[in-house]
Structure formats: C-alpha cells, structure tokens
Amino acid sequence: MADLKVELLPWQQTVYEDKTRFKVIAAGRRTGKSRLAAWALILNCLSAKKGQVFYVAPTQGQARDIMWQMLLELGNPVISSRHVNNLQIKFINGALLTLKGADRPETMRGVSLKFLVMDEYADMKPEVWEQILRPALADQKGDAMFIGTPMGRNHFYDLYSYATISEDDTFVGYHFTSFDNPLLDPEEIRAAEKSMSAFSFRQEFMASFE
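Residues numbered from 1 in each chain as written. Predicted model: local features only at pLDDT ≥ 70, side-chain atom pairs only at ≥ 80, totals over all residues. Heavy atoms only, no water.

**Let's talk about the packing of helix H1 (residues 10-17) against helix H2 (residues 33-46)**
Relative to each other, H1 and H2 sit at 40°, their axes nearing to 10 Å. Compared by their axis directions, H1 and H2 come out oblique. At the point where H1 passes H2, the crossing takes the right-handed sense. For the pair H1 and H2, the contacting residues are Trp11, Gln12, Val15 and Tyr16 in the first and Lys33, Arg35, Leu36, Ala40 and Leu43 in the second. For the contact of H1 with H2, the class distribution of residues is six nonpolar, one polar and two charged. (Axes fitted to C-alpha atoms, helices over the stretch in contact; angles between N-to-C directions. Helix = DSSP H or I, 4+ residues; strand = E, 2+ residues; numbered from the N terminus. Parallel < 35°, antiparallel > 145°, perpendicular 65-115°, else oblique. Left-handed = near helix turned anticlockwise from the far one by under 90°. Contact = heavy atoms within 4.5 Å. Nonpolar A, V, L, I, M, F, W, Y, C, P; charged D, E, K, R; others polar.)

**Overview of unusual backbone geometry**
Within the chain, Arg30 stands out as a residue other than glycine whose phi angle is a positive 60°. With respect to the helices, strands and loops of the structure, Arg30 is situated in the loop between strand E1 (22-27) and H2. Backbone geometry at Glu120 places phi at a positive 55°, although glycine is not the residue there. Tracing the backbone shows Glu120 in the loop between strand E6 (113-119) and helix H4 (126-136). The class of Glu120 is buried, set by a relative accessible area of 11%. (Buried < 20%, exposed > 50% of the residue type's maximum accessible area, 1.4 Å probe, protein only.)

In short, the description is geometric, and any link to function would need to be established separately.
So this is what it looks like as structure tokens:
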C-alpha cells in the first residue's frame, strides 16, 4: 500500500469521497471518468474482505481496451497476479477483480459483489443491472458506480434523473463537462465545437441529455 500513489483530479476526488452507495456520473468525453473508475476499482478491492469486484463495459472487448492496461499500470504495486485470458486481476489481499461485457450477462450470474462499475451504461440493456447485477450486490450491500456520456434520453437518463431528483438517499447524480478536466486544453474543446453540430457537441463534450 505504501507504494500506491493515488492521484485524482479535483472532481474525481469529490466523487470518490462521497459515501453514497450508488453514484451515477454523466460526463463529457476525455473528462477522466474511466481513470476515476480504475482507482475506485483498485481501492475497493484493497478494502474487500470477501466477494468480488466487477468492471462492466458494453462488451468484453471494450472492457479490455478501456480498462485492462490502466488497471495494471495504476495498481501494479498491489497486484499479485493477472490472467489476461479471463481478464482477472488478483490483489495482494486476495481480492479478485474481473472485467466483464454486458453483452454476455449469463457470465455474471451467481456471484457476490462488493463493488461494481458499469461503464458507458447508456450502451447496455437495463436488464443487466436490474435482473443480474443489482441482486448480486444484495448480500454484501455492495456499492455501484454508473459512468458514461449521454446518448439521448434512454435508461441512463432515467437513472441519472432518479439519482438527482428523487429522495432516495442511496443514489446521487453527478454531471461534468469536458471543461472539468484541467489537463484538457479548453482551446481544443472550443476548436472541436467549431467543426461539430451543436447537438453532437452538447452531447459529447457537455454531457447533455439531448
């Protein structure tokens, strides 16, 4: 643990320190949401006494491309083994992190989860959460983080709205634009705006549910 240097942007720190059980994060492109997810996965694994931790992307290929190398780099000092064929990482305390694809929900049944990240939730079928992964959190009262860039007003919009409007204190909603990443040049974002339709820019960079 002593060699693990956790580095978070201000907005990432705010979200991570929030103890609300279910966090729904709508964020623009290149905001840093996947890096936040990686740190949350690693730190939840290190505090796990039992059960598993899942990272779920729309497909297993996307899970590998988005998260695998980032996890290995950030968590290197506390990883005891890795298995690329089944996309599993074991940490020094014995906790197991598995990368999954929402397009194969049958591979996620029958597990007990301590923590879960669903990345690009707008691209998944809502039944994956409602019928498979939400029940998997029940026995440990596990936490979950939903992250993604809006894709119209679909089930991700419904969940975000619920998290921000309802009186359910187990849910909280966050909204960030690409301008919230201090490492991203604002002039680059403005340059992109000039060549994009207003709809696409609002959705992709401003995380607007159009």
